[in-house]
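# Per-entry structural report
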Amino acid sequence: MQVDPAVVGDYLRGLQLRIMAAVEAADGGTAVRDAWQKEPGEALQGSGLTCILEGGALFERAGCGFSQVRGPKLPPSATQHRPELAGAPFEAMGVSLVFHPRNPYVPTVHMNVRMIAALPEGGAPVCWFGGGMDLTPIYGFEDDAVHFHRTCRDALAPFGDDKYPRFKTWCDAYFFLKHRNEQRGIGGVFFDDFSELGFDDSFAMLRAVGDGFLPAYLPIVERRRDTPYGERERAFQLYRRGRYVEFNLVWDRGTHFGLQSGGRTESILLSMPPQASWAYQQVPAPGTPEAALYSDFIVRREWL
């Protein structure tokens, strides 16, 4: 396996800029671009670029970060499936985004593509990829879910008919709030520790997922962005955002990896919404669109 992190880094930086240009064009606002570098002497070395648009007409908060870091010891979150690499030096790079729209009818979205390369003592470099994208509606629409999943399927089709159903099932299992017995959203695709196609084809698959994000999400945004809403919809949006916070802080391996490895906290937590709320045992009234979210959308089902 020929590992060339520089090629992966070049792609990821370009992907981040393309996505943020599309976000700014759709919103009409301008994102803050915050380039950062780890200080000498810190355990983790490297740099990155955090792009974030806040208070926009379309996106209340849209954050997209790129990072490329090196460290002396892989954190536990990265080696739970590869115990033989525990303690190995590593290099990690990726693009991660979460967009929280202002309109409750526009779904929240997450996408991440990443590569980790470990250098075990006395051995050859070991490289693997991970990532995916998933959709979290506040108000569910069948055609939105079908479009999102169809785009994910089509992006993965060149790499084998097994990839979409396998990664769709993996996504459903991963984005699950165990303490609530509840799916986070309508899913998408997710993969991790992936190297089975060799470096070149595994990297090509990563690119297909990254390049598929805008076609998967933007048509849904345009379809829903002008839907009228009021205080009821806004209150439900903030309540559902609370679930998003719970998942990211309690269960998300990416968040744990960043914090355990000494990453940049501001960039790691760019997925947090600007506002969220919690209520005790809130149950939507039967027959309402809010109740339909639970019964028809945030359940494991086949969309295609």
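### Section: the overall build of the protein chain
Counting its secondary structure elements, the protein chain contains 9 helices and 9 strands. On C-alpha atoms alone, the protein chain measures out to a radius of gyration of 19 Å, which is about the 19 Å that the 2.2 N^0.38 rule sets for 304 residues. With the C-alpha coordinates aligned to their principal axes, the bounding extent of the protein chain is approximately 60 × 40 × 35 Å. The buried share of the protein chain, taken over its 304 residues, is 57%. Counting contacts in the protein chain only where the partners sit at least 6 residues apart, residues at least 24 apart contribute 70% of the total. Treating the 31 positive side-chain charges of the protein chain as one cloud and the 37 negative ones as another, the clouds have centres 3 Å apart.

### Overview of helix H5 (residues 198-224)
End to end, H5 covers 40 Å across 27 residues, agreeing with the expected 39 Å (1.5 Å per residue, within 8%). Helix geometry: H5 is bent most strongly at Gly-212, by close to 35°, with proline Pro-215 lying one to four residues after it.

### So, helix H6 (residues 231-250)
Spanning 20 residues, H6 covers 29 Å between terminal C-alpha atoms, matching the ideal 28 Å at 1.5 Å per step. Extensive coverage of H6 is indicated by the burial of 15 of its 20 residues.

### Description of the nonpolar core
Counting residues in each nonpolar core, the largest one holds 65 residues, and the members touching the most others are Ile-19, Phe-99, Phe-129, Phe-148, Phe-213 and Tyr-217. Discounting chain neighbours no more than four positions away, the residues touching Phe-148 are Val-109, Met-133, Asp-134, Leu-135, Ile-186, Gly-187, Gly-188, Ala-216 and Ile-220. By size, the runner-up hydrophobic cluster in this structure holds 12 residues, among which are Leu-44, Leu-74, Trp-128 and Phe-257.

### Re the pairing of strand S9 (residues 187-194)
The buried fraction of S9 is high, at 8 of 8 residues. Here strand S6 (residues 126-136) runs beside S9; their pairing, made up of 6 bridges, is antiparallel. Counted as the bridge partner of Asp-134 is Gly-188 from S9.

### As for the packing of aromatic side chains
Applying the stated criterion across every chain yields a total of 23 aromatic pairs. Measuring from ring centre to ring centre gives 6.0 Å for Tyr-11 and Phe-203, while their planes differ by 80°; the resulting arrangement is edge-to-face. Taken together, the residues Tyr-11 in helix H1 (residues 5-27) and Phe-203 in helix H5 connect sequence positions 192 residues apart. Each member of the pair, Tyr-11 as well as Phe-203, is classed as buried. Arranged with centres 5.7 Å apart and planes meeting at 50°, the rings of Phe-129 and Phe-199 form a pair that is tilted.

### As for the pattern of salt bridges
The tally for this structure, following the rule as stated, stands at 25 salt bridges. The partner of Arg-18 in a salt bridge is Asp-211, with the nearest N and O atoms 3.0 Å apart. A residue pair is termed long-range when its members are at least 10 positions apart, and Arg-18 in helix H1 and Asp-211 in helix H5 qualify at 193 residues. Residue classification places Arg-18 among the partly exposed residues on the basis of a relative accessible area of 42%. We classify Asp-211 as partly exposed; its relative accessible area is 38%. Here the salt bridges do not stand alone but share partners, grouping Asp-143, Asp-144, Arg-223 and Arg-224 into one network.

### Observations concerning the environment of Ser-195
With respect to the element layout, Ser-195 can be found in the loop between S9 and H5. Sequence-wise, Ser-195 and Trp-170 are 25 residues apart; in three dimensions their C-alpha atoms are separated by 16 Å.

Basis of the calculations
- Residues numbered from 1 in each chain as written.
- Predicted model: local features only at pLDDT ≥ 70, side-chain atom pairs only at ≥ 80, totals over all residues.
- Heavy atoms only, no water.
- Helix = DSSP H or I, 4+ residues; strand = E, 2+ residues; numbered from the N terminus.
- Rg over C-alpha atoms; globule rule 2.2 N^0.38 Å.
- Buried < 20%, exposed > 50% of the residue type's maximum accessible area, 1.4 Å probe, protein only.
- Contact = heavy atoms within 4.5 Å.
- Lys, Arg positive; Asp, Glu negative; His and termini not counted.
- Charge placed at Lys NZ, Arg CZ, Asp CG, Glu CD.
- Expected span 1.5 Å × (residues − 1).
- Bend = angle between axes of the 7 residues up to and from the residue.
- Core = buried A, V, L, I, M, F, W, Y, C linked by side-chain atoms within 4.5 Å.
- Pairing = 2+ DSSP bridges.
- Phe/Tyr/Trp six-rings, centres within 6.5 Å; stacked < 30°, edge-to-face > 60°.
- Salt bridge = Lys/Arg side-chain N within 4 Å of Asp/Glu carboxyl O.

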